[in-house]
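# An overview of the molecular structure
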Amino acid sequence: MLDHKYKVFYHLAQTPNTTKVAEELLLSQPAISKNIKELEKELGITLFNRIKGRMQLTEAGQYLYSEIEILVRKEREINFRIDKMKHTFTGTLHIGASTTLSQYVLPETLVRFKNASPQMAISLMSGNTAQIEQEIVTGNLHVAFIEGTPTQPDLHYISFLRDEIVLVTGAETKIPEHISPEFTQLPFVLREQGSGTYHVIRNQLAQAGIAINTLNCQLVLGSTEGIKHYLLHSNCFALLSIYSIREEVAAGKLKIIDIDELNINRMFYIIHRQGEPDPYAKQFIEFSLRQKF
């Protein structure tokens, strides 16, 4: 198995920030620096350039990282196969998810998966689709769940779950239950442009001949939860995932308004880097695809 110094180097090469790596590995920052210095002394070569407080891989560091990445994958494969023989999974799994999925879809799946594999160490990172895709590309996450459309050639996309984006407002807002597609003058609250929800809405409205910049946008908020709370205290409207509003609609706090002749649908995707996925990630992917929502 890999020497500890090489594992520290691998994590620091992925995330060139000693504070973050120290937190992830449960070590002190001096311990991180000590391991890197010892490894550089052992190899007789500089692995990082330290420029204005920032760490950057040297040519030797880039080579070592590419080779160690192969060894890390192999070590995880060995551990996975041994775990499988023991019928007890004890590996680690770093999962990413765009906001809608991390808050409203994945928690139930994670509970079921942890019940089936209680010794697995799992972390879930949440962000908008663009952020999560980048974390997968750089290798900081093993697997992720996103909204939006496939755009990255370095990623493999697996269809996961179909979603519907609906027009929603506070339960007390005075408006018919059905409206025509000419709804652009309604006061809207929108997600930020980096979110998968925003991109899907923009693209599907464009297909219906409606430019998103013609919506009467009152406010841009960075989370669905923020938008929902804003709707509860205003007469504004939003286009949100049906999965994100189930509880509020059931409780009579929000209501859905049907838009005649306009349906906004999208697919949620599971993503990993091109090639065979990490073995623990593959196990979680297969488990997730078997779930009923």
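As a reminder, the structure under discussion sits directly above these lines.
Please read these numbers as outputs of a predicted model, since none were measured by experiment. (Residues numbered from 1 in each chain as written. Predicted model: local features only at pLDDT ≥ 70, side-chain atom pairs only at ≥ 80, totals over all residues. Heavy atoms only, no water.)

### As for the overall build of the chain
What the chain contains, in helices and strands, is 11 helices and 12 strands. Overall, the chain is about 75 × 50 × 30 Å in size when its C-alpha atoms are taken along their principal axes. Relative to its full complement of 293 residues, the chain shows a buried share of 47%. A separation of at least 24 residues holds for 75% of the contacts in the chain among residues at least 6 apart in sequence. Accessible surface for the chain amounts to roughly 15500 Å². Of this, 51% is attributable to carbon and sulfur atoms. (Helix = DSSP H or I, 4+ residues; strand = E, 2+ residues; numbered from the N terminus. Buried < 20%, exposed > 50% of the residue type's maximum accessible area, 1.4 Å probe, protein only. Contact = heavy atoms within 4.5 Å. Areas by Shrake-Rupley, 256 points an atom, 1.4 Å probe, with all protein chains shown as cover.)

### Side note on the packing of aromatic side chains
Considering all chains together, one arrives at 11 aromatic pairs under this definition. Centroid distance Phe145 to Phe160: 5.2 Å. Interplanar angle 75°. Geometry classified as edge-to-face. One end of the pair, Phe145, is in strand 5 (residues 143–146); the other, Phe160, is in strand 6 (residues 155–170), with 15 residues separating them in the sequence. Taking the relative accessible area as the measure of exposure, Phe145 reaches 0% and is therefore buried. Phe160 gets classed as buried once you look at its relative accessible area, which sits at 12%. Every member of this aromatic cluster is reached through a ring pair, and the members are Phe113, Phe145, Phe160, Phe284 and Phe287. (Phe/Tyr/Trp six-rings, centres within 6.5 Å; stacked < 30°, edge-to-face > 60°.)

### Overview of the pattern of salt bridges
Under the criterion given, the structure shown has 16 salt bridges. Salt-bridge contacts for Glu42 lead to Lys5; the nearest nitrogen and oxygen are separated by 3.4 Å. Of the two residues, Glu42 is situated in helix 3 (residues 29–43) and Lys5 in helix 1 (residues 4–14); the sequence distance between them amounts to 37 residues. On the accessibility criterion, Glu42 (47% relative accessible area) is partly exposed. The closest approach of N and O atoms between Arg191 and Glu192, which form a salt bridge, is 2.9 Å. A network of salt bridges, in which partner residues are shared, links Asp3, Lys5 and Glu42. (Salt bridge = Lys/Arg side-chain N within 4 Å of Asp/Glu carboxyl O.)

### Quick notes on unusual backbone geometry
Located in the positive-phi region is His87, a residue other than glycine, with phi close to 60°. Within the chain, Glu261 stands out as a residue other than glycine whose phi angle is a positive 65°. Within the element layout of this structure, Glu261 appears in the loop between strand 11 (254–259) and strand 12 (264–273).

### Describing the packing of helix 1 against helix 2 (residues 18–25)
When two helices pack together, their arrangement is given by the angle between the helix axes and by the axis-to-axis distance. Relative orientation of the contacting elements helix 1 and helix 2 amounts to 130°, with a least axis distance of 9 Å. Put simply, helix 1 runs oblique to helix 2. Taken as a pair, helix 1 and helix 2 cross one another with a handedness that is right-handed. Across the interface between the two elements, Val8, His11 and Leu12 from helix 1 touch Thr18, Val21, Glu24 and Leu25 from helix 2. (Axes fitted to C-alpha atoms, helices over the stretch in contact; angles between N-to-C directions. Parallel < 35°, antiparallel > 145°, perpendicular 65-115°, else oblique. Left-handed = near helix turned anticlockwise from the far one by under 90°.)

### What about empty space enclosed by the protein?
If a probe the size of a water molecule is rolled over the atoms, the empty space left behind becomes visible. Enumeration over the complete set of coordinates arrives at 1 cavity of 30 Å³ or more. For the largest cavity, the calculated volume is near 60 Å³. Every residue lining the largest cavity is listed: Val189, Leu190, Arg191, Thr197, Tyr198, Ile201, Ile212, Ile227, Ala238, Leu239 and Leu240. Counting only elements with at least two residues in the lining of the largest cavity, the list comes to strand 8 (187–191), helix 8 (196–207) and strand 10 (237–241). (1 Å grid on protein atoms, 1.4 Å probe; cavity = no way out; pocket = protein on both sides within 12 Å on 5 of 7 lines; lining within 4 Å. Points joined across faces, edges and corners; volume = space filled by probe spheres on them.)

### A closer look at the environment of Leu43
Among the secondary structure elements, Leu43 is positioned in helix 3. With a relative accessible area of 37%, Leu43 lands in the partly exposed category. Taking C-alpha positions, Leu43 is 56 Å from His229, a pair spaced 186 residues apart along the chain. Ignoring anything within four residues of it in the chain, the contact list for Leu43 reads Tyr6 and Leu64.

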